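Spelled out, the chains give:
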Amino acid sequence: MRELVYYVATSIDGFIADPSGGFDAFPMEGDHMATLLADYPDAFPAHVLEALGMRAPGTRFDTVIMGWNTLRPALDVGIESPYPHLRQVVASRGDRRVADDMTLTSDPVDTVRRLKDEDGLPIWLCGGGELAGSLRGEIDRLVLKRNPVVFGAGVPLFGHAGYSPQAFTLSATRRFESGVTIDEYVRCDERRGA
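Residues numbered from 1 in each chain as written. Predicted model: local features only at pLDDT ≥ 70, side-chain atom pairs only at ≥ 80, totals over all residues. Heavy atoms only, no water.

Re the pattern of salt bridges
Here's step 1: Counted according to the given criterion, the structure contains twelve salt bridges.
Here's step 2: With a shortest N-O distance of 2.8 Å, R113 and E138 are connected by a salt bridge. Placement of R113 in helix α4 (residues 108–117) and of E138 in the loop between α5 (129–134) and β7 (141–147) is noted, with a sequence separation of 25 residues between them.
Here's step 3: Using a relative accessible area of 46% as the deciding quantity, one classes R113 as partly exposed.
Here's step 4: Accessibility expressed as a relative area gives 10% for E138, which makes it buried.
Here's step 5: For K116, the salt bridge is made with E138, and the minimal N-O distance between the two is 3.5 Å. Taken together, the residues K116 in helix α4 and E138 in the loop between α5 and β7 connect sequence positions 22 residues apart. Summarising the burial analysis for this pair, K116 and E138 share the class buried.
Here's step 6: A single network of salt bridges, built from pairs that share partners, joins R2, D62, R87 and E118. (Salt bridge = Lys/Arg side-chain N within 4 Å of Asp/Glu carboxyl O. Helix = DSSP H or I, 4+ residues; strand = E, 2+ residues; numbered from the N terminus. Buried < 20%, exposed > 50% of the residue type's maximum accessible area, 1.4 Å probe, protein only.)

Structure (structure tokens):
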């Protein structure tokens, strides 16, 4: 069974974007960037990889699921398909038009369960917070890029999901001079025999 991996940048106080959905406050330069490019190149948009003279190797993820609000900033600048190197799924409660190489779903939980049953690499949960909150019970691994900034308000890591404790085990931590920390957690439950 494939894993659903919530790989996301977050502020110290647990926000993945500012109140308008922007993420410009996260540092885009520093020694952590080389590690992100080496370990998670599949999670970079195609136009960024192209600007860096790189191609996605397809070794970390082969599918991405994102909410409409996560896709919208790309659409606003004319990028209809930010991750053409991945199978792209967009979750939306409304009827939307998406690029031909994308799939639209109004039931992300069912969609993720079906994707997990397929062969392939892990599935990347790109965001946003509301989608992550709805998929919280399906997340197998958290990879949190903690940035040395406090937002005070914004888009919470799990949106406005209600209280429902779920145990994860810290499996790796990497600290960088930039102040960024990458924390990786694995879900503890009967699916893993933990």
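Concerning the packing of aromatic side chains
Here's step 1: Counted according to the given criterion, the structure contains eight aromatic pairs.
Here's step 2: Arranged with centres 6.4 Å apart and planes meeting at 45°, the rings of Y7 and F61 form a pair that is tilted. Here Y7 is found in strand β1 (residues 4–11), whereas its partner F61 is found in the loop between α2 (46–51) and β3 (63–67), with 54 residues between them in sequence. This pair shows no difference in class: Y7 is buried, exactly as F61 is.
Here's step 3: In this structure F61 comes out as buried when scored by relative accessible area, which is 1%.
Here's step 4: Through pairs of rings, three or more aromatic residues link up here, namely Y7, Y40, F61, Y83 and W124.
Here's step 5: Over the face of the ring belonging to Y40 we find R60, whose NZ or CZ atom lies 4.2 Å from the ring centre. (Phe/Tyr/Trp six-rings, centres within 6.5 Å; stacked < 30°, edge-to-face > 60°. Lys NZ or Arg CZ within 6 Å of the ring centre and 35° of its normal.)

So, the side chain of K145
Here's step 1: The topology assignment puts K145 in strand β7.
Here's step 2: Nearest to the buried, unbridged K145 among oppositely charged side chains is D39, at 12 Å.
Here's step 3: Residues contacting K145, with those up to four places away along its chain left out, are Y7, V8, A9, T10, L36, T181 and I182. (Lys, Arg positive; Asp, Glu negative; His and termini not counted. Contact = heavy atoms within 4.5 Å.)

Some words on α4
Here's step 1: Within the sequence span of α4, burial applies to P108, T111, V112, L115 and K116. Angular distribution of buried residues about the axis of α4 spans 135°; they occupy a single face of the element. (Arc of directions from axis to C-beta.)

Side note on the side chain of D42
Here's step 1: When you line up the elements, D42 lands in the loop between α1 (32–39) and α2.
Here's step 2: Here D42 occupies a buried position and makes no salt bridge, while the nearest side chain of opposite charge, R60, is found at 6.4 Å.
Here's step 3: Reaching out from D42, the side chain makes a polar contact with the backbone nitrogen of R60 at a distance of 2.7 Å.
Here's step 4: A distance of 3.1 Å separates a polar side-chain atom of D42 from the backbone nitrogen of F61.
Here's step 5: Leaving out residues up to four positions away in the same chain, D42 has contacts with A56, P57, G58, T59, R60, F61, Y83, H85, L86 and W124. (Polar contact = N/O pair within 3.5 Å; in protein donor to acceptor, adjacent residues only side chain to side chain.)

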